[in-house]
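Letter by letter, the chains look like this.
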Amino acid sequence: MPIYLRAPETPAGGPDGKGWNRLSLNAHFGLPAQCALRPRGWAALFESQDTRRARWGGFGPCINRGACGDCQLRKAVNEHRTDVKVNADRVLVRIEPLYAREPGLFSVGPDGWRLWVTTGPDDRDYRGQEPWMWEDAVRVRGWDLGRSYADEHGEGFWLERTEQVPAWGCDVISRAWPSFVRHGFRVDKTRVAHLHHPGRCEHGDELLNAISHACPGPDGADEERVPVHWRQTAEMTPPPTGGLRIGVDVRTMSVKIVAVDGTAGERARLTLTGSGWTTDRVRAAGDALRTHLVRH
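Criteria and thresholds
- Residues numbered from 1 in each chain as written.
- Predicted model: local features only at pLDDT ≥ 70, side-chain atom pairs only at ≥ 80, totals over all residues.
- Heavy atoms only, no water.
- Phe/Tyr/Trp six-rings, centres within 6.5 Å; stacked < 30°, edge-to-face > 60°.
- Lys NZ or Arg CZ within 6 Å of the ring centre and 35° of its normal.
- 1 Å grid on protein atoms, 1.4 Å probe; cavity = no way out; pocket = protein on both sides within 12 Å on 5 of 7 lines; lining within 4 Å.
- Points joined across faces, edges and corners; volume = space filled by probe spheres on them.
- Nonpolar A, V, L, I, M, F, W, Y, C, P; charged D, E, K, R; others polar.
- Helix = DSSP H or I, 4+ residues; strand = E, 2+ residues; numbered from the N terminus.
- Salt bridge = Lys/Arg side-chain N within 4 Å of Asp/Glu carboxyl O.
- Buried < 20%, exposed > 50% of the residue type's maximum accessible area, 1.4 Å probe, protein only.
- Pairing = 2+ DSSP bridges.
- Axes fitted to C-alpha atoms, helices over the stretch in contact; angles between N-to-C directions.
- Contact = heavy atoms within 4.5 Å.
- Patch = residues over 30% accessible without salt bridge, like charges linked within 9 Å, V, L, I, M, F, W, Y side chains within 5 Å.
- Areas by Shrake-Rupley, 256 points an atom, 1.4 Å probe, with all protein chains shown as cover.
- Lys, Arg positive; Asp, Glu negative; His and termini not counted.
- Charge placed at Lys NZ, Arg CZ, Asp CG, Glu CD.
- Parallel < 35°, antiparallel > 145°, perpendicular 65-115°, else oblique.

(A) How the structure looks around the packing of aromatic side chains. Taken as a whole and assessed by the stated rule, the structure comprises five aromatic pairs. With a centroid separation of 4.8 Å and an interplanar angle of 20°, the aromatic rings of W177 and F180 are classed as stacked. We note R53 situated over the ring of F46; from NZ or CZ to the ring centre the distance is 4.0 Å. In this structure, R90 is placed above the aromatic ring of W158, and the distance from its NZ or CZ to the ring centre is 3.7 Å.

Shown next as structure tokens:
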């Protein structure tokens, strides 16, 4: 995809025959080419997701004189992914303009930016982490770019997590035996769930990622009893889809979610443990299991 954005040509004319008024600084310095991998705002970041729609004007200057083939920025996009180190369905990225000097008569904007990943508008404790540059935002994978955002504290934009990435802080460990496969989900080195199914895997990583999204954080990763009650089984049970039925069995130390196919028998069994499993999390894990098994 094109990333080299040439500066627009000025129409012939004007006192110097090049379309410039002699009072314009552009008459002497010209306009630099830009790079579609160096956005300088939310709109340009949106265009950088598919650089065929990128237009000159909202990006930083080209740093390799148009030689995109061996450009380090282009190589970094393909080889160095930016991780969103927050376990949340959506995050708010705040944009902080930086000024190296006091704004003066000829100031046209900030000298740089810092991007801060936060859990939302009410999150004020985020400056202890490593900030991003705009080039880091381009390298995010598995998150959809959401709407722009503005409040009394400044501007920003939303990122929406997809099933292309697992939950941050949740490790998925898979082991295969001749007759079954087991996937273990660990948070802070403590198992909070395991998925068992006979035979070989018929699902993709999206199912494992979706289950990891439902898993509790470190505060709920323990060996204590589950807080849900058997009386809540109905609200935690996804409805049947086609020939696939989902059963939920609440016990003292675990919740078992079993997917049964009317013709093939048990398709998968998901066991949840620890004090972090709420009714909403159990239902989310069951919905993920049902959705992805139906696809396959």
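What follows continues from the structure just given.
(B) Spotlight on empty space enclosed by the protein. Under the counting rule described, the total for this entry stands at three cavities of 30 Å³ or more. Roughly 80 Å³ of volume is contained in the largest cavity. Lining the largest cavity are L45, Q49, A137, V140, W143, D144, L145, F157 and L159. Here the residues of the lining of the largest cavity sort into seven nonpolar, one polar and one charged. Its boundaries defined by the atoms lining it, the second largest cavity holds a volume of some 70 Å³. Lining the second largest cavity are I3, Y4, Q34, C35, R38, C62, I63, N64, A67, C68, C71 and L73. Tallying contributions element by element places strand β2 (residues 34-39) first for the lining of the second largest cavity, with three residues.

(C) How the structure looks around the pattern of salt bridges. Applying the stated criterion across every chain yields a total of 16 salt bridges. A salt bridge links D83 to R81; its shortest N-O distance comes to 3.3 Å. Across the pair D136 and R139 runs a salt bridge whose closest N-O atoms are separated by 2.7 Å. Owing to a relative accessible area of 13%, D136 belongs among the buried residues under this scheme. Beyond isolated ion pairs, a larger network of salt bridges with shared partners links R38, R40 and E135.

(D) Quick peek at the sheet that holds strand β8 (residues 170-176). With antiparallel pairing, six strands are arranged side by side in an open sheet as β8-β9-β10-β13-β12-β11. Because the sheet does not close on itself, it has two edges, and the strands there are β8 and β11 (244-250). Geometrically, the sheet is characterised by an average inter-axis angle of 15° between neighbouring strands, direction not taken into account. In the sheet, strand β10 (residues 190-198) pairs with strand β13 (residues 265-272) via four bridges, with the strands oriented antiparallel. When the sheet's bridge partners are listed, H196 is paired in β13 with R269. Most of the contacts of helix α5 (residues 205-214) go to strand β9 (residues 180-187), to which it runs at about 35°, and overall it touches β8, β9, β10 and β13.

(E) Structural context of a positive patch on the surface. Where like charges cluster on the molecular surface, the positive patch consists of R175, R182, R186 and R191. The topology assignment puts R186 in strand β9.

(F) Quick peek at the sheet that holds β2. One open sheet accounts for three strands, arranged β1-β2-β3; its pairing is antiparallel. The sheet is open, and its two borders are formed by β1 (4-5) and β3 (59-61), each paired with just one other strand.

(G) Looking closely at the packing of α5 against helix α7 (residues 279-295). The contact between α5 and α7 brings their axes to 8 Å, and the two run at 170°. By the criterion of interaxial angle, the relationship of α5 to α7 is roughly antiparallel. Contact residues: α5 offers E206, L207, A210, I211, H213 and A214, while α7 offers R281, A284, A285, A288, L289 and H292.

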